[in-house]
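If you want the building blocks of each chain, they are given just below.
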Amino acid sequence: VLRSLGIPTRVITNFNSAHDSNINLSIDKYIDTSGKILHLTEDSVWNFHVWNESWFIRRDLGTFYDGWQVLDATPQERSKGIYWCGPASTRAIKEGDVNLDYDSSFVFAAVNADCVTWIHYSNKRKKRIYSDTRKIGKFISTKAVGTNSRVDVTANYKYPEVKEISFKIPYSQYKNSLMDDRKILVTAM
């Protein structure tokens, strides 16, 4: 519809797309002291998620935020009581301006959330034991104009990852806790 109105629009695919249901900018996984997964959050990581970008001038946010704007036609969460998402400025997402209107925090988390594993103790105390800052938002892509080639637009959404991963429990204990998911998220060094 936007293209028919003359507004430049393209489809974007985000691989390892975070679904941050509580908007705390992290995907939280809880385990008990024996390594059993506890279902205490609705956060998840999807293999991919697709949305649209359209090119807008943002008089409401200022010229710094002009350009590509995220519009998600299939939102899974309510925003201000309605199922919608956007238009969130890709510039705001890249710069981490998560306090702007139009779901910039939700889209920021979709491409840049940390995956955090917590041990949840019986006395309601929790302790962070692992954090992966590199898993989310991979190969953010669109189709090239005039060909079927993929164009990587990840740099429009986030800066290159540089932070190291640190373990606060032995790797073998963490690896065992992931076997229920059938996922190995890290490689032993």
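Further up the page is the structure itself.
Just so we're clear, the structure is a prediction, and the values are computed from it rather than from any experiment.

So, about unusual backbone geometry. For residues other than glycine, phi is negative in most cases, and the peptide bonds are mostly trans. Phi at N16 takes a positive value of approximately 55 degrees, unusual for a residue other than glycine. Along the chain, the position of N16 falls in strand β1 (residues 9-19). The phi torsion at D103 lies on the positive side, around 70 degrees, for a residue other than glycine. We classify D103 as buried; its relative accessible area is 14%.

Formed by 14 residues in total, the largest nonpolar core has its most connected members in W51, V70, I93, V107 and Y157. Among the elements that line this core, the one with the most residues is helix α2 (residues 104-112), at five residues. In this structure V70 touches W51, N52, C85, G86, P87, A88, T90, I93, V107 and Y157, once residues within four positions along its chain are discounted.

A few words on the sheet that holds strand β7 (residues 114-120). If you trace the four strands from one edge of the open sheet to the other, you get β3-β2-β7-β8, paired in mixed fashion. The open sheet has two edge strands with one neighbour each: β3 (37-38) and β8 (126-132). Relative to β7, strand β2 (residues 26-31) runs parallel, the two sharing six bridges. Counterpart to I27 in the pairing with β7 is C115.

Thresholds applied
Residues numbered from 1 in each chain as written. Predicted model: local features only at pLDDT ≥ 70, side-chain atom pairs only at ≥ 80, totals over all residues. Heavy atoms only, no water. Helix = DSSP H or I, 4+ residues; strand = E, 2+ residues; numbered from the N terminus. Buried < 20%, exposed > 50% of the residue type's maximum accessible area, 1.4 Å probe, protein only. Core = buried A, V, L, I, M, F, W, Y, C linked by side-chain atoms within 4.5 Å. Contact = heavy atoms within 4.5 Å. Pairing = 2+ DSSP bridges.

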